[in-house]
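Observations on chain architecture
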Amino acid sequence: MIRTRPSRRARHVGRLSLLLFVLLVCASPAFAVQTPGSPANGAVPLPQESGRAAFITAAPPAGPAKAAAIWGDFTARHSGWDVLWNALTATPHRAFGAGIRVAGTIATPQQAQAAALGFLRSESALTRAAGADLQLAATEQAGRVWYVHFQQRFQGVPLLLTDVTVRLDVDGSVFAFGSDTRTGIQLDVVPTVDAATARVLARAGLVFDPNADSASGGDELYVLPLETATAADYALVRRVRVSQAEPPHEWDTFVDAHSGLVRWRFDRVRYASVSGTVTGLVHPQSPEDVPQTLPVRDCAVTVTGTGGAVVQSDVTGLYSRTGVSGTISLTARMRGPFAAVSRNDGGSTALFSQSGINPNVSPVVDIPFTNANSIQPERDTFYNTTRAHAYIKGIDPSFVALDHAIPVLVNIPQTCNAFWDGTGLNFFAAGAGCNNTGSVSDVVFHEYGHGINDNLYVSLGSPLGMINGALHEGTADINAAMVEDDPVIGQGFFVGGGHIRDLVNTNTWPRDVSGEVHTDGLIIGGAFWDLRLLVGLSTTQHLAHFAKYGLPDDVDTHIAYEEVFLETLVADDDDGNLANQTPHWSQILQAFNQHGIGPSLYVAIAHTEHADTVDMANSLAIAATVTSGSALFAVDPSSVQLVYTLDGGSETVAPMTPAGGGVFNGAIPAQPLGTLVRYSFRASAAGGSPITLPETPQVLPFSFLVGPQIQQVLQTFEAAASWTVNPNADDTATTGRWVQADPIGSNVDGVPAQPEDDHTLAGVQCFVTGNAASPADPAGTEDVDGGKTTLQTPVFNLSGMHHPAIRYWRWYTNNLGSAPGTDVWRVKISNDGGTTWSDVENTLLSANVWSKVIVRVEDILAPTDQVRLRFIAEDAPPGSLVEAAVDDFEIVSFDATDVGTPSSGLPQRYLLAQNRPNPFNPSTMIAFDLPQAGHATLRIYDVSGRMIRSLLAGELTEGSHSVRWDGRDANGAAVASGTYLYRIEAGDFQATRSMSLVK
């Protein structure tokens, strides 16, 4: 079909979507900053932000690099090493194993740098470092480990998102490294867009208020990789900071220095949801606690007069200044060397002032901050900000990036939130059922954790800081939990009590991945809290912080968590050799396994779904390929299992047998006519927890039907369908009502919310919950809002059909806006025309892919002549982002007479079999039986009913026949991918089946 607008997949290019704008998850509607169901927009994702996991592979990439041979040479010289490949650069993204001695004892940064660079260049066949311009980014020592990070430059311009890094033990051994060194770059590094112009262009796609907002920078030039599934392009960009006041955003924006396009934009503002206690007259932990008078540390006290100076209070709150004389004055505010608190509400800032002091008469002058000279949020935020600074300095004295008076702003006239903006902390006023967030200690520790993340990464040579949203939020939660030694995050956030999150959880990758960064952060947060229970507080504090020295991060959360696991082992190592494990190896594996982000992250399962089959006599062979990118964490063959159900019954778990090359074979016993088979796979790495395929509960199990089928109904919705929208009085949705249309896709943070394509290969239309007017409209435009919307089928006559089954494809997302995962997708079936209904589906789980659903009608209710279905999408309070779609609705029955061929070899009945293979490319065989001689025709049609080709027209003898179709039309031209119908007519017999051509 000819499209009347640009290719829907092509329209994704340049589309604005929200990248790292993170909202605090809360049960109260007032908690959301965004309009319910309509997430804020402004971020511009990179091409690699959707599905970048495909770039980091366990298998060596193919091609001229001959990576497998090079790695084979390396491992022949150095045994006990594992590698994860960067498929685009054909270099190791991360390699680790037994220590390789490259130098003597390393005692200075210069020695570590020389040893690291020498190693990279000596292994240049593997690292591509010999001809690369590598500039030192940072060298840091943590315990026995030296972390050396390099930045690659192209013609003097630094490359972004390019890891070149080495870990060395103090004895001079390399035991981990990575090199994403890029070669073959073709790029003009002379800009044609100047910095001033870039600052203007950086505002594109944003609602910019020149009276309140600003754009700065633009002088820094970078080379930005733009990666697709098969190649990397590069852009020369200028880095601009765009600040928006309402709501607060700090957009790191990268403007193409040639074209002026915004190539990448993400938000430095990190909203959070944590709680705590702080005061001069201080809440011990929560705003709900009774305030206590506690010492305030790191407060600047100005002594004015002879011998005066500015002095700081110590951990006990004590300040002193010797050598003063005469009459002096004292002044103090909620400010000091590590925090400077100010108010956003126009009120007077905290101030203690006393003059006329004679130190000979009054040598002791207390400085109390009370309600008389300050407000509670000022005292609370200052108290806990200085505690947070003292905590991280106790863990890592060499970390100096936050050794300055960071700005702390309180009483911002919004509610139920707080954020780190890249330079300071910001806290909202009380209201809407929430306490003042500056008075919640966990909020302060969480937001300060964001500051640690960004500043530590920048200090270690990563110019953009930490970029992964889930990792940012999870490690900020970990910071709060480690400061308080308490897994409950956000106690006292709400008026009357209650908390926001809890690191004591069972959230597991990928089962509980929602796409909402706070929720996804609970996976890594839970792993570290479990580790704290296994190894104690101080060890976990050390590992949680120093794991970040390896700069684990990626736009893809799977890769980011994979790197955190590895870097935690590196931080725990005590001899420069991961191959012999580390002191807390078993505990780290146990804690991370409990959340699905341990060794099995290196395991991958691949499988091609089993097609419907007519074979009822033989067991059904099911194969899968199970591989690991790690020798330390190789696949455990005994863990590979096939899990299946028959007609919705209980699970059967069957072991699978290794056949070599990572292939495992399993089988399902022969099944009778009309059986519905659903199945999945389990496997794990040695020492790891099981993974599954399909890998999340959101993706439905594989499924197929057994026996010759007769297609009774097929509706691809390319033509007008007589389905009913909103037939019920309680269908109250104000937007996002079902429409039959070509869907216009939308996404949040690069994750699809509404599909851009229908499911029919050769089609365009489906039923979808509303359509935006333009691809440029923000996600949430015309999503389901204000209640439910129902799509109802006409009545179908299923009486007399043998094992009738209904198959449809659906799309459903409810987890990308505020209040994620709270709205239910329902599919119901009736056999009395709609008087009573039974559930087909009833789920909170999102799946942002087209998912196949097959249901045998008799497993739910008796097939009658009054069967119809309803598809219901709903946005119940609090408002959220809900999208749904339905396509390729089909009803099939089974030929009860087709139970085999008699021993004479001549068929006793007419039969049109399912083509094999199906789907097919480039050709397929169509078999049919004729019980008597006569005239027969066999023709191919498209889904609109237009005849494509006549394969057969003439007299045939009785017996079994087959005809090959080569996928060409009557003119010999190859037809497009899609669904086609084939129809036989012989005597009084007529039958039609469908098949799929996939190129």
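Just above sits the structure.
A count of helices and strands for the chain gives 11 helices and 54 strands. Here the chain has a C-alpha radius of gyration of 32 Å; the compact-globule value for 999 residues is 30 Å, and the two agree. Per-residue burial over the chain gives 56% buried out of 999 residues. For the chain, the accessible area works out to roughly 36500 Å², and carbon and sulfur atoms hold 53% of it. Side-chain charges in the chain split into 60 positive and 99 negative, and the spacing between the mean points of these groups amounts to 4 Å.

For the rest of this paragraph, the subject is the sheet that holds strand β51 (residues 947–956). The 4 strands lie next to each other as β51-β50-β53-β54, forming an open sheet whose pairing is antiparallel. The open sheet has two edge strands with one neighbour each: β51 and β54 (989–997). Neighbouring strand axes in the sheet, compared pairwise and without regard to direction, differ in orientation by 15° on average. Sheet topology places strand β53 (residues 978–986) next to β54; 9 bridges connect them, and they run antiparallel.

Turning to the state of the cysteines, a few remarks are in order. Counted under the stated rule, the structure contains 1 disulfide. Covalent S-S linkage joins Cys416 and Cys434, the inter-sulfur distance amounting to 2.0 Å. Here Cys416 and Cys434 share a disulfide; its torsion about the S-S bond, 100°, makes the bridge right-handed. With Cys416 in the loop between β21 (406–415) and β22 (418–420) and Cys434 in the loop between β23 (425–429) and α6 (441–459), the pair connects residues that are 18 residues apart, well separated along the chain. Comparing Cys416 with Cys434, the two get one shared label, buried.

Another aspect to go through is the pairing of β21. Both strand β19 (residues 339–343) and β21 contribute to a ladder of 5 bridges, which runs parallel. Paired with Ala339 across the strands is Ile406, a residue of β21. Sheet topology note: the β21/β23 ladder contains 4 bridges and is parallel. The residue bridging Val408 from the neighbouring strand is Leu425, located in β23.

Our focus in this paragraph is helix α5 (residues 376–395). Here α5 contains 20 residues, and its C-alpha end-to-end distance of 29 Å stays within 8% of the 28 Å for a straight helix at 1.5 Å per residue. Among the 20 residues of α5, 17 are classified as buried, and the element is accordingly described as predominantly covered.

Once that is clear, we can look at the nonpolar core. In terms of nonpolar packing, the biggest core is built from 121 residues, with Tyr561, Phe592, Ile597, Tyr679 and Phe681 touching the most fellow members. When residues no more than four places from it in sequence are discounted, the contact partners of Ile597 are Trp509, Ile523, Ile524, Ala527, Tyr561, Phe565 and Phe592. Ala733, Phe767, Leu861 and Val867 belong to the second largest nonpolar core, which has 30 residues in total.

Attention shifts here to the sheet that holds strand β48 (residues 911–912). Strands sit in the order β48-β49-β52 across an open sheet of 3 strands; the sheet is antiparallel. At either margin of the open sheet sits one strand with a lone partner, and together these are β48 and β52 (959–965).

A separate point is the pattern of salt bridges. Side-chain pairs of opposite charge can arise whenever the charged atoms involved come near each other. Evaluated as defined, the whole model comprises 35 salt bridges. Its salt-bridge partner being Arg807, residue Asp612 comes within 2.8 Å of it at the nearest N-O pair. Residue Asp612 is found in the loop between β26 (603–606) and β27 (620–628), and its partner Arg807 is found in strand β42 (residues 805–813); the two are separated by 195 residues along the sequence. Within this structure, Arg94, Asp163, Arg167, Glu563 and Glu567 form a network of salt bridges that share partners.

The next point concerns the packing of helix α10 (residues 557–572) against helix α11 (residues 585–593). The interhelical angle for the contact between α10 and α11, taken along N-to-C directions, is 160°, at an axis separation of 10 Å. The orientation of α10 with respect to α11, classified from their angle, is roughly antiparallel. Seen along the crossing, α10 lies across α11 with a hand that is right-handed. Touching Val564, Phe565, Thr568, Leu569 and Asp572 of α10 are Trp585, Ile588, Leu589 and Phe592, all from α11. Tallied by class, the residues present in the contact of α10 with α11 amount to 7 nonpolar, 1 polar and 1 charged.

Taken as a whole, this structure holds 38 aromatic pairs when the rule is applied. Ring plane angle 55° and centroid distance 6.2 Å describe the contact between Phe96 and Tyr602, whose orientation is recorded as tilted. In this pair, Phe96 is assigned in strand β3 (residues 91–101) and Tyr602 in the loop between α11 and β26, connecting sequence segments 506 residues apart. Look at Trp723 and Phe889: their rings are 5.1 Å apart centre to centre, the planes differ by 90°, and that puts the pair in the edge-to-face class. One end of the pair, Trp723, is in the loop between β35 (709–715) and β36 (724–725); the other, Phe889, is in strand β47 (residues 883–894), and 166 residues separate them in sequence. Of the two residues, Trp723 and Phe889, both sit in the buried class. By way of ring pairs, the aromatic residues Phe717, Trp723, Trp738, Phe767, Phe796, Tyr808, Tyr812, Trp825, Phe871 and Phe889 are connected into one cluster. Sitting over the ring of Trp529, Arg532 keeps its end group 5.6 Å from the ring centre.

Let us look at the side chain of Thr790. Note that Thr790 resides in strand β41 (residues 787–792). Relative accessible area serves as the criterion here: at 0%, Thr790 is assigned to the buried category. Within the local environment of Thr790, its side chain forms a polar contact with the side chain of Asp731, the two groups lying 2.6 Å apart. For Thr790, the contacting residues outside a window of four places in its chain are Thr724, Val725, Asn726, Pro727, Asn728, Asp731, Trp738, Arg870, Phe871 and Ile872.

Bringing the environment of Gly978 into the picture now. Topologically, Gly978 is positioned in strand β53. When near neighbours in sequence (up to four residues on either side) are disregarded, Gly978 contacts Leu761, Ala762, Met995, Ser996 and Leu997.

Okay, helix α7 (residues 469–484) next. An ideal rise of 1.5 Å per residue puts 22 Å on 16 residues; α7 measures up with 23 Å between its terminal C-alpha atoms. α7 sits mainly inside the fold: 16 of its 16 residues count as buried. Phi turns positive one or two residues past the end of α7, at Asp485, with a value near 50°.

Residues Trp509 and Pro510 are joined by a peptide bond in cis, for which omega reads -5°. With respect to the helices and strands, Pro510 occurs in the loop between β25 (501–502) and α8 (517–535). At the junction of Leu693 and Pro694, the peptide bond is cis and its omega measures out at -5° in the coordinates. Within the fold, Pro694 resides in the loop between β33 (691–693) and β34 (702–705). A positive phi angle, near 55°, is found at Ala90, a position not held by glycine. For Ala90, the position within the fold is in the loop between β2 (81–86) and β3.

Quick notes on the rules
- Residues numbered from 1 in each chain as written.
- Predicted model: local features only at pLDDT ≥ 70, side-chain atom pairs only at ≥ 80, totals over all residues.
- Heavy atoms only, no water.
- Helix = DSSP H or I, 4+ residues; strand = E, 2+ residues; numbered from the N terminus.
- Rg over C-alpha atoms; globule rule 2.2 N^0.38 Å.
- Buried < 20%, exposed > 50% of the residue type's maximum accessible area, 1.4 Å probe, protein only.
- Areas by Shrake-Rupley, 256 points an atom, 1.4 Å probe, with all protein chains shown as cover.
- Lys, Arg positive; Asp, Glu negative; His and termini not counted.
- Charge placed at Lys NZ, Arg CZ, Asp CG, Glu CD.
- Pairing = 2+ DSSP bridges.
- Axes fitted to C-alpha atoms, helices over the stretch in contact; angles between N-to-C directions.
- Disulfide = S-S within 2.5 Å.
- Expected span 1.5 Å × (residues − 1).
- Core = buried A, V, L, I, M, F, W, Y, C linked by side-chain atoms within 4.5 Å.
- Contact = heavy atoms within 4.5 Å.
- Salt bridge = Lys/Arg side-chain N within 4 Å of Asp/Glu carboxyl O.
- Parallel < 35°, antiparallel > 145°, perpendicular 65-115°, else oblique.
- Left-handed = near helix turned anticlockwise from the far one by under 90°.
- Nonpolar A, V, L, I, M, F, W, Y, C, P; charged D, E, K, R; others polar.
- Phe/Tyr/Trp six-rings, centres within 6.5 Å; stacked < 30°, edge-to-face > 60°.
- Lys NZ or Arg CZ within 6 Å of the ring centre and 35° of its normal.
- Polar contact = N/O pair within 3.5 Å; in protein donor to acceptor, adjacent residues only side chain to side chain.

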